[in-house]
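# Observations on the three-dimensional arrangement
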Amino acid sequence: EPEVTQTPSHQVTQMGQEVILRCVPISNHLYFYWYRQILGQKVEFLVSFYNNEISEKSEIFDDQFSVERPDGSNFTLKIRSTKLEDSAMYFCASSEDFSRGEQFFGPGTRLTVL
Amino acid sequence: GESVGLHLPTLSVQEGDNSIINCAYSNSASDYFIWYKQESGKGPQFIIDIRSNMDKRQGQRVTVLLNKTVKHLSLQIAATQPGDSAVYFCAETMNSGYSTLTFGKGTMLLVSP
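My aim in this report is to walk through the structure given alongside it, one point at a time. (Residues numbered from 1 in each chain as written. Chains lettered and ligands numbered in written order. Predicted model: local features only at pLDDT ≥ 70, side-chain atom pairs only at ≥ 80, totals over all residues. Heavy atoms only, no water.)

### Digging into the environment of Ser66 of chain A
Residues and elements named next belong to chain A. What counts is decided by this rule: Put simply, DSSP H or I for four residues or longer makes a helix, DSSP E for two residues or longer makes a strand, and each gets a number counted from the N terminus. Categorising residues by exposure relies on relative accessible area from a 1.4 Å probe, with only protein chains included: less than 20% of the type maximum marks a residue as buried, more than 50% marks it as exposed, and the intermediate range marks it as partly exposed. Here, residues are in contact when the closest pair of their heavy atoms is within 4.5 Å.
Relative to the elements of secondary structure, Ser66 occurs in strand 7 (residues 65-68). Residue classification places Ser66 among the buried residues on the basis of a relative accessible area of 18%. With near-sequence residues (within four places) excluded, Ser66 lies in contact with Phe61, Thr76, Leu77, Lys78 and Arg80.

Below, the structure is given as structure tokens:
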């Protein structure tokens, strides 16, 4: 069964450093998403991406964040200058179309900012 | 602001029991609701969805009920199994053409053998 994959599973970085979180969505999917989940809190939407551009973004997704689809398979989330409060699980998701429920989530990357 | 919330943070049941997980939503403009299951160390997994023009939808061992009058959503799991132990989130979205999901905080379901 096809699945969304994410690397690395755990990323530790120093405050102020740049990090890139990587995702490989399901191959025939066209819509891509990033969510984050701070420990003990709810999953929060960050950004959606379609046709090589951002479709929608939340207030969390400020200028420190960017997304890119550098090739036909990867979808990345970059945080330019990490802050302590960026520590969270970051989930990538993809969907075949805008059938809103059928977003398939990856296993997540745990980002720890020291 | 408006948000999705859950009544019970933890629900403990015995194997074989039926489980009911509740969710209150406050955004009256939401017209599509989804239940996700999240096991430890994994991402959310879609369980079942329901649109606002329905009040009940059944899947395999799961049923979602929607009461728009009181803005309440519930997930019923029949014959709960230890493998059902997980955190369950409800999520909502609007017919805006985008797929932004607003998640609730989650309910931990613990199933004892």
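### Quick notes on the packing of aromatic side chains
How we decide: Put simply, two rings from Phe, Tyr or Trp (the six-membered ring, in Trp's case) pair if the centres are within 6.5 Å, and we call them stacked under 30 degrees between planes, edge-to-face over 60, tilted for the rest.
Applying the stated rule across the entire model yields 16 aromatic pairs over all chains. A ring pair is formed by Phe91 of chain A and Phe105 of chain A, whose centres lie 6.5 Å apart and whose planes are at 75°; its orientation type is edge-to-face. With Phe91 of chain A in strand 9 (residues 88-95) and Phe105 of chain A in strand 10 (residues 104-105), this residue pair connects regions lying 14 residues apart in the sequence. Grouping residues by exposure puts Phe91 of chain A and Phe105 of chain A together as buried. When the centroid spacing of 5.4 Å and the interplanar angle of 80° are considered together, the rings of Phe105 of chain A and Tyr36 of chain B count as edge-to-face. With Phe105 of chain A in strand 10 and Tyr36 of chain B in strand 4 (residues 32-38), this residue pair bridges two chains. For the residue pair Phe105 of chain A and Tyr36 of chain B, the accessibility class agrees, reading buried in each case.

### Observations regarding the state of the cysteines
Definition in use: When the sulfur atoms of two cysteines come within 2.5 Å, that pair is taken as a disulfide.
The full count for this structure, using the stated rule, is two disulfides over all chains. Two residues, Cys23 of chain A and Cys92 of chain A, share a disulfide whose sulfurs are 1.9 Å apart. On the sign convention where negative is left-handed, the bridge of Cys23 of chain A and Cys92 of chain A, at about -65° about the S-S bond, is left-handed. Of this pair, Cys23 of chain A sits in strand 3 (residues 19-24) while Cys92 of chain A sits in strand 9, and the two are 69 residues apart along the sequence. For the pair formed by Cys23 of chain A and Cys92 of chain A, the shared burial category is buried. Paired through a disulfide, Cys23 of chain B and Cys90 of chain B show a sulfur-sulfur distance of 1.9 Å. Note on the Cys23 of chain B and Cys90 of chain B pair: the S-S dihedral is about 55°, so by sign convention the disulfide is right-handed.

### Looking at the side chain of Gln6 of chain A
All names here are of chain A. Worth spelling out the cut-off: We define a polar contact as two N or O atoms separated by no more than 3.5 Å, with the added condition that, inside protein, one atom must be a possible hydrogen donor and the other a possible acceptor, whereas residues neighbouring each other in sequence contribute only through side-chain atom pairs.
Within the secondary structure layout, Gln6 lies in strand 1 (residues 5-7). Separated by 3.0 Å, the side chain of Gln6 and the backbone nitrogen of Cys92 make a polar contact. A distance of 3.0 Å separates a polar atom in the side chain of Gln6 from the backbone nitrogen of Gly108. Setting aside residues up to four positions removed in sequence, Gln6 forms contacts with Arg22, Cys23, Trp34, Tyr90, Phe91, Cys92, Gly106, Pro107, Gly108 and Thr109.

Limitation: the analysis is restricted to geometry and does not speak to function.
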